[in-house]
Each structure stands twice: as C-alpha cells, then as structure tokens.
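Chains, contacts and geometry: an overview
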Amino acid sequence: MLSNKLRIALTGFSIGWGLFILIVLLGSGNGLMNGIAESFGSDTICMVRLSPGTAQLAWQGMNRGRKIRLTANEAALLKKRMGESIGQVTVTNSTPPLQVDGGGMHLRTPVQGVYPNYLPIDGKKIVAGRDLTDIDIRQGDKVCLIGQQTVRLLFGKDGDAVGRMVNINQLPYLVVGVYDAITGTNSGHVIYAPFTTVEKSYFPAGDLSQIVVVANDINDQEAYDDFVGQLYTVLGEQLNFSPADHAAVVCESSYISYLQLKNVITMLQLFIWVIGLATLIAGVVGISNIMLISVRERTRELAVRRAMGASASSIITLVLIESVVVSLIFGYIGMMLGIGLTQLLSWGISAAGGVGLFDHPTVSFATVMAANLIMVLAGLIAGYFPARNAVRIKLVDALQGV
C-alpha cells in the first residue's frame, strides 16, 4: 500500500465518495421527514375531531335529516367504552366570530372554550404568560389566551398583551397568556377561554362544538379505520343513528394524510439506500479490480510465501486486510465529510428559522453503525475474489514468473 499510494488513494476515493453520497442522501431524507412531521404538528399523533352533523340514513324508525347533538355525556361514554385505545378525550365549544376590542383596535374572531393543556393538541404553544387552569374552569373566570397575530393587531408589533384587558362582545376578559403555532406558521386570531365561561355565555343547553379524541397505538390506516369504526359504533348506539352514517357525526383528522405522506417518504428513503448502495458497489468493483492487479503483481512473492509454509488462510487474510483497510480509511473520510455537511446544513437551517418542509437533515446513530458495517462488508467482498485467486496460484508457475 505504501509503495502504491496514488493508486490506493484513487481506488479508495470511490468508496469514500459512495459513503459520502449515502450519508448526505439519508440525511436529506431525514430532513424531509422531520420537516413534514413539523408541518403537520399535532397531527403526527392520531387525533380525531368529532363534530355534530345531520343524519343522512333512516335508522330504527327515525327519518333522515335529524340534527345530532353532542354533549359531555358522549365524551364520557367514549372514554368509558373504548378504554385503553383512547389516550385523551377533551371537549370544545366554538362561537361564531365575535367583536373583539383592545388597544384601540378591533377585529372579529371566534372564541373557543377549552380545558387546560388543550393548546398542544391544537398545535399551539404558550410563548408568554400562562395556560388556563383548573381554577379558571371551576370559577368560570373571564380570562383568555390570544395569538401573537392578534397581539400585533391589537397592541402593536412590540406590544405586551399579558395582564391587559380585551372586550369580547362587550364583556371584559383578562389576557393571561399569548400563544403561537408550534409549526412556525401564523398563530391565527382564535381566542381561547375557559370552557365553562364560554358554555355559560353561549351554549347554555350543554351542546358541544367538538369532541377531540387522541388515540393510542395507531400506526397505519387499517388501525385508524378500525378505531374510527369503533367511535361510530359507540356514538351510533348512544345517539340512535346508523354506525355507517358518517354524516351524523363528522369525523375530521389529518392523520391519514400524514400516514400517506410518511409512506411516500419511507419509499423515498428506500430508494436513497438503493442509490447509495449502487454507488458503493461501483467502489467495491474498483477496489476488487485493483486488488486483482495487486495479486498479479505479487504472484512471485505469494508463491515464495506458500513455498516457505504459509497457509492458504494466511494468504487470504493478507489480501483481505489490505482491502478492508482501504475501505475503512476512505470510508471513514467519506462518512465524516457527509456527517459534517448534514450537521452544517442543520445549523444553517436552524439559524435561518427553518425552510418549510425541510428540518434537521442529520443521520441517526443506527445509520452510522450501519455505514460502518457496510464499509467492512465492502472491503471483504472487494478482497474475496482476489484472495481466492491468490491461493489458487500454482507454485511452479508462480516461481517461473508465469
């Protein structure tokens, strides 16, 4: 190897380049997957929103066209009947757009009655102040959470909204917190208030706008369809509509879209592995050719070794070690450069505040370990055939220079 530095370097470059391309492609695939998960936000968990609708199928003597009402009883029944398949159930009420005044400005926006810790489910996070509390719910306090977009509109770009008052439909509410979208998109103008406060003012009959259900262990469309079917069965029995009537209770979720897009990305990552491995195979062929030449050049040397008692396994080991060492040295160089580039891209994207559907294009530890294994296998494969040829050399022919 030391007496053929240029040849070894040019040969090892193909392995290094193959590992570099593989790591960069895999990092890019992960970045795309992370960006998609970030853009979907809370929909990366299986969350289903159930809203009251109108029955479209006649059922047990009842005509179609009936309005279906959802109440807290249905939410409690779902939690009781479906048990461990449900991770969380919460309810919300949403008003039509109401007049909101504050800081000398005004807008019209819905007010949504929710319980504490609802914002993460809705893809939001608190960025100033606090969330709603159980005390707010019990007392029916007139407090609210507003979005950063609303803060800029009512109180100016640098306005501090926490602790200030806004009038909602001419009733004063204290702003206790400011939220923003988890995904980095616009927060919107929806105002969140305690569920009991909104219910008392706008939904005295106890109707619900939505029941929000978060499922456990849903990883594919078949499991999702089965879960939704169970929801319709329980609600159909309780509210007297056909479980097949999906217009009676409207089910909304972006989870299926997320699963479908995730499957596309998985196929893309598989394609990336194929491209990367194909590039590596080209490098393996290059090393194998060079090792064949090396064995040919060292025919007399290998024959002398055999004549002096060297075993076939020692000759094979000699050739394989050279092949593996070349693969590891240049493979590590390519892999480290690839990891460095993905880390640099990740840092640049974070510094720029994100670039849409692309985020943290890095590779996992498992991928790095797989790359190490690939490098060793590539070296062994590249050296196998030259090593096999080396031990098949006839001593008489080799010593005569044939």
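Keep in mind it's a predicted model, so treat the numbers as computed, not measured. (Residues numbered from 1 in each chain as written. Predicted model: local features only at pLDDT ≥ 70, side-chain atom pairs only at ≥ 80, totals over all residues. Heavy atoms only, no water.)

1. Quick notes on the overall build of the chain
Rules: The secondary structure listing takes helices from DSSP runs of H or I that are at least 4 residues long and strands from runs of E that are at least 2 residues long, numbered from the N terminus. Exposure classes here rest on a 1.4 Å probe applied to the protein chains alone. A residue is buried below 20% of its type maximum, exposed above 50%, and partly exposed in between. Here, residues are in contact when the closest pair of their heavy atoms is within 4.5 Å. Only the protein chains shown count as cover for residues, with accessible areas throughout obtained via the Shrake-Rupley method and a probe of 1.4 Å. Charge convention: Lys and Arg are scored as positive, Asp and Glu as negative, and His as well as the terminal groups of each chain are ignored. Think of each charge as sitting on NZ of Lys, CZ of Arg, CG of Asp or CD of Glu.
In terms of regular secondary structure, the chain is built from 11 helices and 12 strands. Scored against the burial criterion, the 402 residues of the chain give a buried share of 43%. Restricting the contact set of the chain to residue pairs at least 6 apart, pairs at least 24 apart contribute 77%. For the chain, the computed accessible surface area is about 20100 Å², with 60% contributed by carbon and sulfur atoms. Side-chain charges of the chain comprise 29 positive and 28 negative groups, with the mean position of each set lying 10 Å from the other.

2. Re the environment of Trp59
You can see Trp59 is positioned in the loop between β1 (47-52) and α2 (72-82). When near neighbours in sequence (up to four residues on either side) are disregarded, Trp59 contacts Asn240, Phe241, Ser242 and Pro243.

3. Thoughts on a nonpolar patch on the surface
Put simply, the rule is: Only residues whose relative accessible area exceeds 30% and that take part in no salt bridge are eligible for patches, with like-charged residues grouped when within 9 Å of each other and nonpolar side chains (Val, Leu, Ile, Met, Phe, Trp, Tyr) grouped when within 5 Å. One speaks of a salt bridge when a side-chain nitrogen belonging to Lys or Arg is within 4 Å of a carboxyl oxygen belonging to Asp or Glu.
On the surface, Ile321, Val325, Ile329, Ile333 and Leu337 cluster together to form a nonpolar patch covering roughly 430 Å² of accessible area. Here Ile329 shows up in helix α9 (residues 312-351).

4. As for the packing of aromatic side chains
Applied cut-off: Geometry of aromatic contacts follows a simple scheme: Phe, Tyr and Trp rings, the Trp one being its six-membered ring, pair when their centres are within 6.5 Å, and the pair is stacked under 30 degrees between planes, edge-to-face over 60, tilted otherwise.
Following the criterion strictly, the structure yields 5 aromatic pairs and no others. Here the aromatic rings of Tyr118 and Tyr192 are separated by 6.2 Å at their centres, their planes lie at 55°, and the arrangement is tilted. Pair noted here: Tyr118 is in the loop between β5 (111-114) and β6 (124-129) and Tyr192 is in strand β10 (residues 191-194), with a separation of 74 residues, a long-range link. This pair shows no difference in class: Tyr118 is buried, exactly as Tyr192 is. Each ring, one from Tyr179 and one from Tyr192, has its centre 5.2 Å from the other, and the planes form 70°; the classification is edge-to-face.

5. Details of the nonpolar core
Convention followed: By nonpolar core we mean a set of buried residues, namely Ala, Val, Leu, Ile, Met, Phe, Trp, Tyr and Cys, connected to one another through side-chain atoms within 4.5 Å.
Core analysis: the largest hydrophobic core is formed by 36 residues, its most contacted members being Leu50, Leu78, Ile211, Tyr224, Phe227, Phe241 and Val249. At 8 residues, helix α6 (residues 221-239) tops the list of elements feeding residues into this core. Ile15, Val284, Val326 and Ile374 belong to the second largest nonpolar core, which has 27 residues in total.

6. Notes on the pattern of salt bridges
Applying the stated criterion to the full structure yields 5 salt bridges. Where Arg81 meets Glu237, a salt bridge forms, and the shortest distance between an N and an O atom there is 3.0 Å. Linking Arg81 in helix α2 with Glu237 in helix α6, this pair joins segments that are 156 residues apart in sequence. Put simply, Arg130 and Asp136 hold a salt bridge, and the shortest N to O gap is 2.8 Å. What emerges from the salt-bridge pattern is a single network uniting Arg49, Asp122 and Lys124.

7. Description of the pairing of strand β4 (residues 105-109)
Defined as follows: We call two strands paired when DSSP finds no fewer than two bridges between them.
For strand β3 (residues 98-102) and β4, the ladder comprises 5 bridges, and the chain directions are antiparallel. Counterpart to Leu98 in the pairing with β4 is Thr109. Hairpin connection between β3 and β4: a loop of 2 residues separates the two successive antiparallel strands, and Gly103 in this loop has a positive phi of roughly 60°.

8. Topic: α2
What counts is decided by this rule: It is the directions from the helix axis to the C-beta atoms that the arc portrays.
Within the sequence span of α2, burial applies to Glu74, Ala75, Leu77, Leu78 and Met82. For α2, the angular spread of the buried residues around the axis is 160°, confining them to a single face. When the buried face of α2 is taken as reference, the exposed residues oriented beyond 90 degrees from it are Asn73 and Lys80. Buried residues along α2 sit against β1, β2 (86-94), β11 (210-215) and α6. At the C-terminal side of α2, Gly83 shows a positive phi close to 50°.

9. Here we look at the side chain of Arg49
Note the threshold: Polar contacts, as used here, are pairs of N or O atoms within 3.5 Å; protein pairs need one atom able to donate a hydrogen and one able to accept it. Residues neighboring in sequence count only if both atoms are side-chain atoms.
Here Arg49 is to be found in strand β1. Within the local environment of Arg49, its side chain forms a polar contact with the side chain of Tyr118, the two groups lying 2.9 Å apart. Within the structure, Arg49 has its side chain in polar contact with the side chain of Asp122 (distance 2.6 Å). Excluding residues that lie within four positions of it along the chain, Arg49 makes contacts with Tyr118, Ile121, Asp122, Gln210, Ile211, Val212, Val250, Cys251 and Glu252.

10. Here we look at a negative patch on the surface
A cluster of acidic side chains, namely Asp220, Glu222, Asp225 and Asp226, defines a negative patch on the protein surface. Topologically, Asp226 is positioned in helix α6. The partly exposed category is assigned to Asp226, whose relative accessible area is 48%.

11. As for the side chain of Asp131
By the element assignment, Asp131 lies in the loop between β6 and α3 (134-139). Comment: no salt bridge for buried Asp131; closest opposite-charge side chain is Arg130, at 6.9 Å. For Asp131, the side chain forms a polar contact with the main-chain nitrogen of Asn117, separated by 3.0 Å. In this structure Asp131 touches Pro116, Asn117, Leu119, Ile126, Asp136 and Leu145, once residues within four positions along its chain are discounted.

12. Quick look at the state of the cysteines
In plain terms, the rule: Two cysteine sulfurs form a disulfide in these notes if their separation is within 2.5 Å.
Scanning the entire structure with this criterion turns up 0 disulfides. With no disulfide of its own, Cys46 has Cys251 as its nearest cysteine by sulfur position, at a separation of 8.6 Å.

13. Some points on the environment of Pro172
Within the secondary structure, Pro172 is located in strand β9 (residues 171-181). With a relative accessible area of 43%, Pro172 lands in the partly exposed category. Along the backbone, Pro172 and Val143 are 29 residues apart, and their C-alpha atoms lie at a distance of 8.6 Å.

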